[in-house]
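# Results of the structural survey
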Amino acid sequence: MDLVASGYPNFVKKESWRTVLTLAYQSLGVVYGDLSTSPLYVYKSTFAEDIEHSETNEEIYGVLSFVFWTLTLVPLLKYVFIVLRADDNGEGGTFALYSLLCRHARVNSLPNCQLADEELSDYKKEGSSLSPKTSFGSKLKSTLERYRVLQRFLLILALIGTCMVIGDGVLTPAISVFSAVSGLELSMAKEHHKYVEVPVACVILIVLFALQHYGTHRVGFLFAPVVLIWLVCISAIGLYNILHWNPHVYQALSPYYMYKFVKKTQKGGWMSLGGILLCITGSEAMFADLGHFSQLSIKIAFTSLVYPSLILAYMGQAAYLSQHHVLDNHYRVGFYVSVPEKLRWPVLVIAILAAVVGSQAIITGTFSIIKQCSALGCFPRVKIIHTSSKIHGQIYIPEINWILMVLCLAVTIGFRDTKRMGNASGLAVITVMLVTTCLMSLVIVLCWQKNVLLAICFVIFFGTIEALYFSASLIKFLEGAWVPIALAFMFLIVMCVWHYGSLKKYEYDVQNKVSINWLLSLGPSLGIVRVHGIGLIHTELVSGIPAIFSHFVTNLPAFHQVLVFLCIKSVPVPHVRPEERFLVGHIGPRQYRIYRCIVRYGYRDVHKDDMEFEKDLVCSIAEFIRSGSAGGVEFDGAVGDLLKDDDKMTVVGTCSTHKEGVQMSEDDPIVDIDSPGTSELREIESPPPIKPKKRVRFIVPESPKIDREAMGELRELMEAREAGIAYILGHSYMKAKQGSSAIKRLVINVGYEFLRRNSRLPSYELSIPHASTLEVGMIYNV
């Protein structure tokens, strides 16, 4: 949890085993908190009502066999050995799979895609081709690109998986904390514990969510030790129970006991699979949190510690229960009943701490996936707070945090037992796994370029297992399984409405953009007076001139000497390298001093603050002017010319990436540009001001030579920067056209407008000084 997400997957191969083992140790607190606490409630949920523990032990042996093979086939075989390989440049999760498919089949739902985006270093993984080599892969790719309905289905599938992850963020803290606190049943009088469990669980949950805004980096170092102690504790207790009560319990690992279990229990056994399913809750975190660690470290942690500890814990419980057939009917079959009585209080404390760690991991994961959805235009903009200046993966979203807390408390107070919580959590978990299986089958064909039979075998084998568990969970719809469906439906409606409204807004901008001929007819002065300074016009268009600009020109008596059409966009890759951050080009002839600047961010990138961003923006334009004057020579592999509509765009990095290029400094001594010197650098400065103010200068390399026109352009840009930057924002109000269907009017006029009014402004607008901002509103009839 204390790691920068973008770094490890790229260099861990070159690091020592010490680094790999350190990452494996740290992954315990982030990845395996939820999975390791599942022994608290698996047997209790399984034996809740559908089946009974009898003296023949066929039920407990059958459940143990199911648990063993489920843990072996799904987390170990599917995730560790197959799914972890489908990373998106080191990132994992549902959106990682979706972004891989978007790049290989051009099914991206974002409307502002450019050919230049495909030239990004991280757009294509090493050793892979974007064009499938197999005939079936090519046909599948063309089919997906041809039919919009298939593209929408793929997006909906990814969003369903995402919504279920959010639902799991509600259910996992509730069932984990409540199951840990349920140990009070064996330590208190029966008539008292039911009045204590729910309040204690609610207090722990409230404290957990209330501390989120402090970030986890202050206490994150405790997470791995807590989970490690918990795993050692349950494995030691399990081993003790095996040796003391039933050393022959290992025989139950045979698949034959699954057959005997199903044969004896029949429908009741099938329905009890919803409880057995809970043994793999948290498995998806191995893939979703891949960006914080590496494949090797996660594999080592699971195979060497987590997997054997869980198997010993489940075997130990089964060994104890096999010798104790007469149990208190009130408590039924649970974890704490197999814990030696002298150890119950210490184990209770450790279990609560482990449950809190597991809950923390899923809450942080929910924040991360909502950030990804928002970056890709599938979720309303929310306030994202980075709780650590060094660890970019740690974020906090206030609105989502309090919504999760309210829903989590409602589930805890409403259900008050692990049975219905388990039904709800199981359905959410297995749905995410089914979505992953479906997307993985497409990745195998389109991205890995494997034979279609391999993808079919993958879907049939794992899909059959997961469909069996899914049916067992869905049959308990009225007994708690309706909760994740209701939560997923609610979040899915929000995502679809926001995505649909955003698409319609962008389509309106594209259809109503101003032609380049209109701009050329105005002349270099645009028909008005050009005043000092830089005018930044924010737009979502990646080509053409937005309609809002014609309103400015016709209604304002003056405009800035340098105009920049700024587009901040997300691309379907996790990270965009700093040297590929900007795309810069001229709009119209260069004497117009009008530029287009496209700033590209990945869905896991962190946006810079306004001051540093302004400096990078101006430097990128200056470097574009210099490189264009020098003949468009590539600069450190970061400058290349790409043709897009009426603009010739050039890839330019941030200031830190072109040390040998144009640099900008402020409040430095004045150096005459025409004075002779032996320095390798020449300095372009503005004329001395009449009254003291911040001074700006560009430092450009001596070689290659810059022509006089470019020098004048650089000087004018520098003078404009010294005069200040004005931010011009357009705010749109969308309305459905007359004659539109009732559903469209409901979605646009009510749904999207409600979300727009109650969502946050874009991050760049929040940091803009109000004194330098000009806002203009428009009504869009879509």
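Residues numbered from 1 in each chain as written. Predicted model: local features only at pLDDT ≥ 70, side-chain atom pairs only at ≥ 80, totals over all residues. Heavy atoms only, no water.

### Focus: helix H26 (residues 742-758)
Counted at 1.5 Å a residue, the expected span for H26 with its 17 residues is 24 Å, and the 23 Å between its end C-alpha atoms agrees. At Tyr752, H26 shows its maximal bend, which comes to roughly 30°. Lys744, Val747, Ile748, Gly751, Tyr752, Glu753, Leu755 and Arg756 are the residues of H26 that are buried. Its buried side turned inward, H26 meets helix H21 (482-511) and strand S12 (725-735). (Helix = DSSP H or I, 4+ residues; strand = E, 2+ residues; numbered from the N terminus. Expected span 1.5 Å × (residues − 1). Bend = angle between axes of the 7 residues up to and from the residue. Buried < 20%, exposed > 50% of the residue type's maximum accessible area, 1.4 Å probe, protein only. Contact = heavy atoms within 4.5 Å.)

### Let's talk about the pairing of strand S6 (residues 594-602)
Among the 9 residues that make up S6, 9 are buried, leaving the element largely enclosed by the rest of the structure. Here S6 shows a buried face lined by Ile594, Arg596, Ile598, Arg600 and Gly602 and a second buried face lined by Tyr595, Cys597, Val599 and Tyr601. Examined bridge by bridge, strand S4 (residues 558-571) and S6 share 9 bridges and lie parallel to one another. Each residue of the ladder has a partner; that of Val564, found in S6, is Tyr595. In terms of strand pairing, strand S5 (residues 582-586) meets S6 through 5 bridges, oriented antiparallel. For Leu583, the partnering residue across the bridge sits in S6 and is Ile598. (Pairing = 2+ DSSP bridges.)

### Some points on the pattern of salt bridges
Think of it this way: side chains of opposite charge can pair up when their charged atoms draw near. Taken as a whole and judged by the stated rule, the model has 17 salt bridges. Between Asp417 and Arg420 there is a salt bridge, with its nearest N and O atoms 3.1 Å apart. For Asp417, a relative accessible area of 24% gives the class partly exposed. Notably, a salt bridge pairs Glu623 with Arg626, separated by 2.7 Å at the nearest N-O pair. Highlighted residues: Glu623 and Arg626, both in helix H24 (residues 610-629), separated by 3 residues, approximately one helical turn. Its relative accessible area of 0% is what places Glu623 among the buried residues. (Salt bridge = Lys/Arg side-chain N within 4 Å of Asp/Glu carboxyl O.)

### Regarding the environment of Ala201
Inspection of the secondary structure assignment puts Ala201 in helix H10 (residues 197-210). Taking the C-alpha atoms as reference points, Ala201 and Pro173, separated by 28 residues in sequence, lie 9.7 Å from one another. Setting aside anything within four residues of it in sequence, one finds Ala201 in contact with Val177, Phe178, Val181 and Thr412.

### Overview of the environment of Ser294
Note that Ser294 resides in the loop between helix H15 (284-288) and helix H16 (295-322). Judged by its relative accessible area of 3%, Ser294 falls in the buried class. Once the C-alpha coordinates of Ser294 and Val20 are considered, the two residues, 274 residues apart in sequence, prove to be 8.1 Å apart.

### Remarks on the nonpolar core
Formed by 169 residues in total, the largest nonpolar core has its most connected members in Tyr32, Tyr43, Leu64, Leu71, Phe302 and Tyr314. Per-element accounting of this core gives the leading share, 17 residues, to helix H8 (residues 148-181). When sequence neighbours within four positions are dropped, the list of residues in contact with Leu64 reads Tyr43, Val249, Ala252, Leu253, Tyr314, Met315 and Ala318. Val652, Val662, Met711 and Tyr727 belong to the second largest nonpolar core, which has 28 residues in total. (Core = buried A, V, L, I, M, F, W, Y, C linked by side-chain atoms within 4.5 Å.)

### Section: the state of the cysteines
For the structure shown, the criterion picks out 0 disulfides. Cys408 supplies the cysteine sulfur nearest to Cys202, a cysteine that is in no disulfide, at a spacing of 8.5 Å. Cys202 gets classed as buried once you look at its relative accessible area, which sits at 11%. (Disulfide = S-S within 2.5 Å.)

### Topic: unusual backbone geometry
With the exception of glycine, the majority of residues adopt a negative phi angle, and the majority of peptide bonds are in the trans configuration. Here the phi dihedral of Asn57 falls at roughly 65°; this positive angle occurs in a residue that is not glycine. Position of Asn57 among the secondary structure elements: in the loop between helix H4 (42-46) and helix H5 (58-81). Given the relative accessible area of 9%, Asn57 is considered buried. Of note in this structure, Arg593 is not a glycine but carries a positive phi near 60°.

### Side note on empty space enclosed by the protein
Under the defined criterion, the tally for this structure stands at 5 cavities of 30 Å³ or more. Computed from the structure, the largest cavity encloses a volume of approximately 490 Å³. As for the largest cavity, its lining consists of 34 residues, of which Ala285, Ala288, Asp289, Ile362 and Gly365 are closest to the centre. Mapped onto the lining of the largest cavity, the elements with two or more residues apiece are helix H2 (17-31), helix H3 (33-36), helix H6 (94-105), H8, H15, helix H17 (344-375) and helix H19 (418-446). Counting residues per element, the lining of the largest cavity draws most heavily on H17, at 9 residues. (1 Å grid on protein atoms, 1.4 Å probe; cavity = no way out; pocket = protein on both sides within 12 Å on 5 of 7 lines; lining within 4 Å. Points joined across faces, edges and corners; volume = space filled by probe spheres on them.)

### Quick look at the packing of aromatic side chains
According to the stated counting rule, one finds 17 aromatic pairs in the structure shown. Through a chain of ring-to-ring contacts, three or more aromatic side chains come together here, namely Tyr61, Tyr256, Tyr257 and Tyr259. Over the aromatic face of Trp448 sits the side chain of Arg85, whose NZ or CZ is 4.6 Å from the ring centroid. (Phe/Tyr/Trp six-rings, centres within 6.5 Å; stacked < 30°, edge-to-face > 60°. Lys NZ or Arg CZ within 6 Å of the ring centre and 35° of its normal.)

### Describing H10
Each α-helix winds once per 3.6 residues, and so residues spaced three or four apart point in a common direction. Taking 1.5 Å of rise per residue, 14 residues should cover 20 Å, and H10 covers 20 Å from first to last C-alpha, within 8% of that figure. Those residues of H10 lying buried are Glu197, Val198, Ala201, Cys202, Ile204, Leu205, Leu208 and Phe209. The arc enclosing the buried residues of H10, seen along the axis, measures out at 165°, which places them on a common side. (Arc of directions from axis to C-beta.)

### A few points about the packing of H10 against helix H18 (residues 398-415)
The geometry of H10 relative to H18 is characterised by a closest axis approach of 10 Å and an angle of 170° between their N-to-C directions. As summarised for this structure, H10 and H18 are arranged roughly antiparallel, according to the angle between their axes. Touching Val198, Ala201, Cys202, Leu205, Ile206, Phe209 and Ala210 of H10 are Asn401, Trp402, Leu404, Met405, Cys408, Leu409, Thr412 and Ile413, all from H18. Residues belonging to the contact of H10 with H18 are distributed by class as follows: 13 nonpolar, 2 polar and no charged. (Axes fitted to C-alpha atoms, helices over the stretch in contact; angles between N-to-C directions. Parallel < 35°, antiparallel > 145°, perpendicular 65-115°, else oblique. Nonpolar A, V, L, I, M, F, W, Y, C, P; charged D, E, K, R; others polar.)

### Here we look at the side chain of Asp34
Inspection of the secondary structure assignment puts Asp34 in helix H3. Side-chain polar atoms of Asp34 contact the backbone nitrogen of Gly282, separated by 3.5 Å. Filtering out sequence-adjacent residues up to four positions away, Asp34 remains in contact with Tyr41, Asp168, Thr172, Ser176, Thr281, Gly282 and Gly358. (Polar contact = N/O pair within 3.5 Å; in protein donor to acceptor, adjacent residues only side chain to side chain.)

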